[in-house]
Protein chains: 2
Amino acid sequence: MLSKSPLAPEGFPVLPAIPGVELATAATGIRYRGRDDVLLMRFAEGTAVAGVLTRSLTAGAPVVWCREALAGGSARAVLVNAGNANAFTGSKGMESVRRTVKASADQIGCRESEVFIASTGVIGEVLPDEKITAHLGDLAQRLAPHGWEAAARAIMTTDTFHKGASRKARIDGVEVTLNGIAKGSGMIAPDMATMLAFVATDAALPPAVLQRLLTRANDRSFNSITVDGDTSTSDTLLLAATSAAGNAAVEDAADPRLRDFYRALESLLIDLAQQVVRDGEGAQKFVTIEVRGAASARAARRIGLSIANSPLVKTAIAGEDANWGRVVMAVGKAGEKADRDRLSVAIGGVTIAEQGQPVEGYDEAPVAEHMRGRDILIQVDIGIGRGKARVWTCDLTHGYIDINADYRS
Amino acid sequence: MLSKSPLAPEGFPVLPAIPGVELATAATGIRYRGRDDVLLMRFAEGTAVAGVLTRSLTAGAPVVWCREALAGGSARAVLVNAGNANAFTGSKGMESVRRTVKASADQIGCRESEVFIASTGVIGEVLPDEKITAHLGDLAQRLAPHGWEAAARAIMTTDTFHKGASRKARIDGVEVTLNGIAKGSGMIAPDMATMLAFVATDAALPPAVLQRLLTRANDRSFNSITVDGDTSTSDTLLLAATSAAGNAAVEDAADPRLRDFYRALESLLIDLAQQVVRDGEGAQKFVTIEVRGAASARAARRIGLSIANSPLVKTAIAGEDANWGRVVMAVGKAGEKADRDRLSVAIGGVTIAEQGQPVEGYDEAPVAEHMRGRDILIQVDIGIGRGKARVWTCDLTHGYIDINADYRS
């Protein structure tokens, strides 16, 4: 058992009940002892759903299932297990998913296409789905609206703390609530992280609108974080909207009445994404990288991720060394338009290099002080355009190697 | 001072004199004490040259100069310094290069476009070029044909051993010799490594032919290795041909009379590239990744590099864990065509997963034994085409973090 990340938030936030959402957890013993490792979420009839799934070409069987099911736009259940990813398990993995889906649909009384499955953990081991389905009857009995914190705990794998967030928003004057939980700490990179996140709201929004909002907010949150540049076979982000709040129907994602809801959704996803980074394997420092002056927002994000993924930048941060030369190197390898002689780099708010040259006689003392802290800020101005982006990562430490050189044993 | 890599070759090979090539080294004291840190190579009149340079968009001033000079196709001198990369030094860096080039051209008695400059080391510090040019007269006095091993030593930075290789080949019945030296151990990745390599031969070949052969061989050697996925601002590979061997003119790189020369060149570059990996920062294991069955050779190389660059794969190898699930993950994130259900993975020659599923009851003992060794072989068959590639890397260890969290201090 790993000790809690030094970057963890103070505590778990309050996640209120969301009308139309019930949760229950149980312990299957598949991999872990003495803790819950399976989560069932049930949604009221008429719940719309949207999702973003890993782009990995070796995605796990549950991802393949969710991709099909999302086309239906409707969700009644999410079943999540921790400890076994059911990935690279061939036809047996797919059969296991189908049996789990059927048992869940029978239990809930819904269509199979309304059941979503997510698994994380070890790859390549066949999932003993009977150990999960054996608990379905019991789980359904115990469903309750106040199970969010237990749910956040049940989906953890190598996480050192459980992750949740909640926001309120108004749609056309009607208050709605959004709750989200997430897990993930290694194999974290865009498209997406080894990351599961489940968000539910009582807003009434059609699936197509939900999907547009979710895709945009995901780009600015989970697709803007990285721990190690590795992409999981299991990444799954689902957003379910029960419509219990009874707000007026809004059919266009660009409708100004959705601005506040979008703002809340983006803020919630950034909160969860940052918690994932704060639980990055071996992380000792939380790093924010702000890029501006790039050719486009997309270019800015790619440059930011190139910096955030550089082992040399990350080890320098671990060593509390303001090694801006490595930041320049990472800008140069990003493959996006850059001009060495227009580039500026600031660390902890102090400009260290400007127009392609070190700033002569800059004051190193506040920078050294900043590098000793927990929160590191690196700002890069590419100097050629108006594209900007923010990206979050953590440092690369001995702890990462300890954890990953010894995960299976 | 770091101790010598456990993966280093037994000793430095014999590098014979090459007619038309002379070398000398000196100690400038710019960064290092008690060792030579500058190298001058002089070539006979009529020497042709080809080169491959970093694609970094923040390339150092010497790279910018070499890119221009290569257009001339002719080389009389190479001047290399270790310890200061003269990168991200703005107009001062370029002025420094121009002064060094002019002084060298004056000393050798050649055109400025025939002088090539290479620098590696710390980024962002202005190079005190007067400390280099002050030695030019002395260096020119001491030029001699047998200075290859001293040259290989003088260009080292964080390298723990000096790197060289030599090959013989025949062009239309005439024997020619190729010698090469290289440096590099961190910031190693394709396009290219933080790597300098200088190869010279007495073959008579025009610049255009040299360039074709060099580009191809570079793809299969230096562009097929990675230590940490980071790309330097200074990577430089030069190939000079003095024509002293007097072989018949060959005007077409595809001429069958050049097959043996190409084979020797590729073999020499692979040898040097593997030595760079063997000196990878913190490396404890040398890893060969063979990919076959991909959609194309290019796709195979990208998949191989995705595996080779994965921190999770590299830490698993450091931990002597045959974690093939992470190999699958890295195939999936490469962005090249793959079908989970056709994929096979073998480690140490033992097939562990086949057609997308773990091989039931495979013998773990020889695989565990293999993982404990110094040389690790991972073979992946994508199962969809005929593209293949070989890629080399090392493991990711605590040593890498020790070295890079503390490089500047």
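Reading the values: rules and limits
- Residues numbered from 1 in each chain as written.
- Chains lettered and ligands numbered in written order.
- Predicted model: local features only at pLDDT ≥ 70, side-chain atom pairs only at ≥ 80, totals over all residues.
- Heavy atoms only, no water.
- Contact = heavy atoms within 4.5 Å.
- Buried area = accessible area lost by both parts, 1.4 Å probe.
- Salt bridge = Lys/Arg side-chain N within 4 Å of Asp/Glu carboxyl O.
- Polar contact = N/O pair within 3.5 Å; in protein donor to acceptor, adjacent residues only side chain to side chain.
- Pairing = 2+ DSSP bridges.
- Helix = DSSP H or I, 4+ residues; strand = E, 2+ residues; numbered from the N terminus.
- Axes fitted to C-alpha atoms, helices over the stretch in contact; angles between N-to-C directions.
- Domains from an automatic or database assignment.
- Parallel < 35°, antiparallel > 145°, perpendicular 65-115°, else oblique.
- Left-handed = near helix turned anticlockwise from the far one by under 90°.
- Nonpolar A, V, L, I, M, F, W, Y, C, P; charged D, E, K, R; others polar.
- pLDDT = per-residue confidence, 0-100.
- Buried < 20%, exposed > 50% of the residue type's maximum accessible area, 1.4 Å probe, protein only.
- UniProt positions renumbered as here; feature names shortened; annotations may be inferred.
- Expected span 1.5 Å × (residues − 1).
- Arc of directions from axis to C-beta.
- Least-squares fit on C-alpha atoms with pLDDT ≥ 70 in both.
- Lys, Arg positive; Asp, Glu negative; His and termini not counted.
- Phe/Tyr/Trp six-rings, centres within 6.5 Å; stacked < 30°, edge-to-face > 60°.
- Lys NZ or Arg CZ within 6 Å of the ring centre and 35° of its normal.

### Overview of the interface of chain A and chain B
Taken together, the contact between chain A and chain B spans 61 residues of the former and 61 residues of the latter. Between chain A and chain B lies a buried interface of about 5,000 Å² when both sides are counted; carbon and sulfur atoms form 58% of it. Run the count over chain A and chain B and you get two salt bridges. The partner of K92(B) in a salt bridge is E360(A), and the shortest N-O contact between them spans 2.8 Å. Put simply, chain A and chain B have five residue pairs in polar contact (both at pLDDT 80 or more) between them.

### Comments concerning the sheet that holds strand β8 (residues 196–201) of chain A
Residue and element names in this part refer to chain A. The strand order β3-β9-β8-β7-β6 describes an open sheet built from five strands, whose pairing is mixed. Of all strands in the sheet, those bounded by a partner on one side alone are β3 (48–53) and β6 (163–171). On average, each strand axis in the sheet is inclined to that of its neighbour by 15 degrees, with strand direction left out of account. Note that β6 and strand β7 (residues 174–183) share nine bridges and pair antiparallel. Counterpart to S166 in the pairing with β7 is N179. Contacts from helix α6 (residues 207–219) reach β3 and β9 (236–241) within the one sheet, and its direction differs from that of β3 by about 35 degrees. Helix-sheet contacts for helix α7 (residues 259–278) involve β6, β7, β8 and β9, and the interaxial angle to β6 is about 170 degrees.

### What to know about the domain arrangement of chain A
Residue and element names in this part refer to chain A. Here chain A is described as being made up of domain 1 (21–278) and domain 2 (286–404). Measuring from the centre of the C-alpha atoms in domain 1 to the corresponding centre in domain 2 gives 32 Å. The interface of domain 1 with domain 2 comprises 14 residues on the first partner and 13 residues on the second. Counting the surface lost from both domain 1 and domain 2, the interface buries some 1,200 Å², and carbon and sulfur atoms represent 57% of this. Its salt-bridge partner being D375, residue R278 comes within 3.3 Å of it at the nearest N-O pair. Linking domain 1 to domain 2 there are three residue pairs in polar contact (both at pLDDT 80 or more). For the side of domain 1 that touches domain 2, the element with the most residues is α7, which contributes four residues.

### Notes on the packing of helix α8 (residues 297–309) of chain A against helix α10 (residues 324–333) of chain A
Residues and elements named next belong to chain A. Relative orientation of the contacting elements α8 and α10 amounts to 130 degrees, with a least axis distance of 8 Å. Viewed along their axes, α8 and α10 adopt a mutual orientation that is oblique. Two packed elements cross with a definite hand, and for α8 against α10 that hand is right-handed. Residue-level inspection shows I303, S306 and I307 of α8 in contact with α10, the latter providing V327, A330, V331 and K333. Here the residues of the contact of α8 with α10 sort into five nonpolar, one polar and one charged.

### Brief notes about the confidence of the model for chain A
Residue and element names in this part refer to chain A. Averaged over every residue, the pLDDT of chain A is 90; the share at 70 or more is 95%. Looking over chain A, one finds the lowest element-wise mean pLDDT in helix α12 (residues 398–404), namely 80, and the highest in strand β1 (residues 21–26), namely 98. The low-confidence segment residues 188–193, where pLDDT is below 50, has 39 contacts with residues more than four positions distant or belonging to other chains.

### Focus on the pairing of strand β14 (residues 375–381) of chain A
Residues and elements named next belong to chain A. Here β14 shows one buried face, formed by I376, I378 and V380, and one open face, formed by D375, L377, Q379 and D381. Here seven bridges tie strand β10 (residues 286–294) to β14, and the two strands are oriented parallel to one another. Within the sheet, the bridge partner assigned to F286 lies in β14 and is D375. Two strands pair when backbone bridges link them, and strand β11 (residues 344–347) and β14 are joined in this way by four bridges, in the antiparallel orientation.

### Some remarks on the UniProt feature "binding site: substrate" (unreviewed entry) in chain A
All names here are of chain A. Those places that UniProt annotates as "binding site: substrate" (unreviewed entry) correspond, in this numbering, to T157, K183, T194, E281, N404 and S409. For K183, the position within the fold is in strand β7. Looking at K183, its side chain comes within polar contact range of the side chain of T120, at 3.4 Å.

### Thoughts on helix α2 (residues 90–108) of chain B
Quick reminder: α-helices carry 3.6 residues per turn. Residues three or four places apart thus point the same way. All names here are of chain B. Between the first and last C-alpha of α2 there are 28 Å, a value that for 19 residues agrees with the 27 Å anticipated at 1.5 Å per step. Within α2, the full set of buried residues consists of G90, G93, M94, S96, V97, T100, V101, S104, A105 and I108. Burial along α2 is one-sided: seen end-on, the buried residues are contained in an arc of 160 degrees. Just downstream of α2 lies G109, where phi reads positive at about 80 degrees.

### A look at the relation of the copies chain A and chain B
The operation relating chain A to chain B is a screw motion whose rotation component is 180 degrees, with 0.0 Å of axial translation and a residual RMSD of 0.0 Å. Look at the turn and shift together and you get a two-fold axis relating the two. Residues of chain A ranked by C-alpha distance from the rotation axis are headed by H398(A), positioned 2.9 Å from it. Interface overlap between copies is the fraction of interface residues in one copy that are interface residues in the other; for chain A against chain B it reaches 100%, indicating a shared surface.

### Observations regarding the side chain of D395(A)
Residues and elements named next belong to chain A. Here D395 lies in the loop between β15 (387–394) and α12. Although D395 is buried, it forms no salt bridge, and the closest oppositely charged side chain is K285 at an N-O distance of 5.8 Å. At 2.8 Å, the side chain of D395 and the backbone nitrogen of Q284 are in polar contact. For D395, the side chain forms a polar contact with the main-chain nitrogen of K285, separated by 3.0 Å.

### Side note on α10(A)
All names here are of chain A. Taken across its ten residues, α10 has nine buried, putting it largely inside the fold. Regarding α10, the residues found buried are W324, G325, R326, V327, V328, M329, A330, V331 and G332. G335, located one to two residues past α10, shows a positive phi value of around 85 degrees.

### Structural notes on the pattern of salt bridges
Residues and elements named next belong to chain A. Enumeration according to the criterion identifies 44 salt bridges over all chains in this entry. Measuring nitrogen to oxygen at the nearest pair gives 3.7 Å for the salt bridge that ties D339 to R342. Shared partners join several salt bridges into a network, and the residues in it are D159, K163 and D279.

### Quick notes on the packing of aromatic side chains
Per the counting criterion, the structure on display carries two aromatic pairs over all chains. With centroids separated by 5.2 Å and ring planes inclined at 55 degrees, the aromatic side chains of F88(A) and W324(B) adopt a geometry described as tilted. With F88(A) in the loop between β4 (77–84) and α2 (90–108) and W324(B) in helix α10 (residues 324–333), this pair bridges two chains. The exposure classification of F88(A) matches that of W324(B), with both residues buried. Directly above the ring of F161(B) sits K163(B), whose terminal nitrogen or CZ lies 4.5 Å from the centroid. Its guanidinium or amino end placed over the ring of Y262(B), R216(B) lies 4.7 Å from that ring's centre, counting from NZ or CZ.

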